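Residue-level structural notes
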Amino acid sequence: MFEVLVFVYENYWRGDACPELQQLGRKLSAHGFEPEEIHDALVWLDGLNSAAQAIRLDPSSAPTAHTPSSPLSASATGLSARDTAPTQHQSPHSLRVYSVAEQDHLGAQCLGFISFLESAGVLPPHMREIAIDRAMAAPGDPVSLDELKLIVLMVYWSFGTEPDALVLDELCDDTEHRVAH
């Protein structure tokens, strides 16, 4: 799925420049991606589009990390209306507490990276919540740091904004080969 997301990010400069999901699916198939990968990526992108659209329409309705993006997924997961209720605007002094499921699925490295982006002021709360929501919807246990970086890039992409150069470098940099000084 992540290879498909990389392709979409590299070939469509903004989320609104991306074709409708059915047409995108045909284009991905023509490029040789496997049908299962395409399906998983399109479902994931649909959730991303729904979350970003909800924020554009009502910024106070940012999803919580466990909030499904559609009514269908809410009924499929068995979450109550209380669990899917819109959240209130976050105070600058508030603290994000991660559930056990989020901690397990994201892992310490990804949670640390999210904290780093937040403390640097480049991942506002509404984008953080969408990134967490989409990371929770991603396969893998735990999600790798490279996958999380792609997810954060896709969240920026869905809003039609590009992170500044230093943030983009951090999100695109392969930290595996860094030498600590």
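The rules behind each value
Residues numbered from 1 in each chain as written. Predicted model: local features only at pLDDT ≥ 70, side-chain atom pairs only at ≥ 80, totals over all residues. Heavy atoms only, no water. Helix = DSSP H or I, 4+ residues; strand = E, 2+ residues; numbered from the N terminus. Expected span 1.5 Å × (residues − 1). Buried < 20%, exposed > 50% of the residue type's maximum accessible area, 1.4 Å probe, protein only. Contact = heavy atoms within 4.5 Å. Salt bridge = Lys/Arg side-chain N within 4 Å of Asp/Glu carboxyl O. Phe/Tyr/Trp six-rings, centres within 6.5 Å; stacked < 30°, edge-to-face > 60°. Core = buried A, V, L, I, M, F, W, Y, C linked by side-chain atoms within 4.5 Å. Polar contact = N/O pair within 3.5 Å; in protein donor to acceptor, adjacent residues only side chain to side chain.

Quick look at helix α6 (residues 125–136)
One full turn of an α-helix is made of 3.6 residues, so residues set three or four places apart face in the same direction. Taking 1.5 Å of rise per residue, twelve residues should cover 16 Å, and α6 covers 16 Å from first to last C-alpha, within 8% of that figure. Here α6 lies mainly inside the structure; nine of its twelve residues are buried. Taken residue by residue, α6 has Met127, Arg128, Glu129, Ile130, Ala131, Ile132, Asp133, Arg134 and Ala135 as its buried positions. Where α6 is buried, its residues meet α3 (35–57), α5 (100–119) and α7 (145–158).

Here we look at the pattern of salt bridges
If you walk through the whole model with that rule in mind, you get five salt bridges. Residue arginine 128 is joined to glutamate 118 by a salt bridge in which the shortest nitrogen-to-oxygen separation is 2.4 Å. Taken as a pair, arginine 128 in helix α6 and glutamate 118 in helix α5 lie far apart in primary sequence, ten residues in all. Glutamate 118 gets classed as partly exposed once you look at its relative accessible area, which sits at 26%. Arginine 134 serves as the salt-bridge partner of aspartate 133, at 3.2 Å between the closest nitrogen and oxygen. On the basis of relative accessible area, aspartate 133 is assigned to the buried category, the value being 5%. The class of arginine 134 is buried, set by a relative accessible area of 7%. Bridged by salt links that share partners, the residues Arg96, Glu102, Glu118, Arg128 and Glu129 form one connected network.

Some points on unusual backbone geometry
Residue proline 142 is reached from aspartate 141 by a cis peptide bond, and omega for that bond is 0°. In this fold, proline 142 is placed in the loop between α6 and α7.

Focus on the packing of aromatic side chains
The geometry of an aromatic ring pair is captured by two quantities: the separation of the ring centres and the angle between the planes. For the coordinates displayed, the defined rule picks out two aromatic pairs. Ring plane angle 65° and centroid distance 5.4 Å describe the contact between phenylalanine 7 and phenylalanine 33, whose orientation is recorded as edge-to-face. On the criterion of sequence distance, the pair formed by phenylalanine 7 in helix α1 (residues 2–11) and phenylalanine 33 in the loop between α2 (21–30) and α3 is long-range, its members being 26 residues apart. Of the two residues, phenylalanine 7 and phenylalanine 33, neither departs from the other in class, the shared state being buried. For the ring pair phenylalanine 113 and phenylalanine 116, a centre distance of 6.0 Å and an interplane angle of 40° mean the geometry is tilted. Of this pair, phenylalanine 113 and phenylalanine 116 both sit in helix α5, separated by three residues, roughly a single helical turn.

Observations concerning the nonpolar core
Counting 49 residues, the largest nonpolar core has Leu5, Val8, Leu28, Trp44, Leu45, Leu148 and Met154 as the members making the most contacts within it. Looking at this core, the elements that each hand over two or more residues are α1, α2, α3, α5, α6, α7 and α8 (165–172). With ten residues, α7 is the single largest residue contributor to this core. Sequence-distant contacts of methionine 154, that is, excluding residues within four places in its chain, are made with Leu5, Val8, Tyr9, Trp44, Leu45 and Leu48.

With respect to the environment of aspartate 141
Tracing the backbone through its elements, the reader meets aspartate 141 in the loop between α6 and α7. On the accessibility criterion, aspartate 141 (61% relative accessible area) is exposed. When the C-alpha positions of aspartate 141 and histidine 105 are compared, they lie 5.2 Å apart, and in sequence the two are 36 residues distant. Setting aside residues no more than four positions away along its own chain, aspartate 141 makes contact with Asp104 and His105. One polar contact links aspartate 141 to histidine 105, side chain to side chain, over a distance of 3.2 Å.

Digging into the environment of arginine 26
When you line up the elements, arginine 26 lands in helix α2. Along the backbone, arginine 26 and isoleucine 38 are twelve residues apart, and their C-alpha atoms lie at a distance of 9.1 Å.

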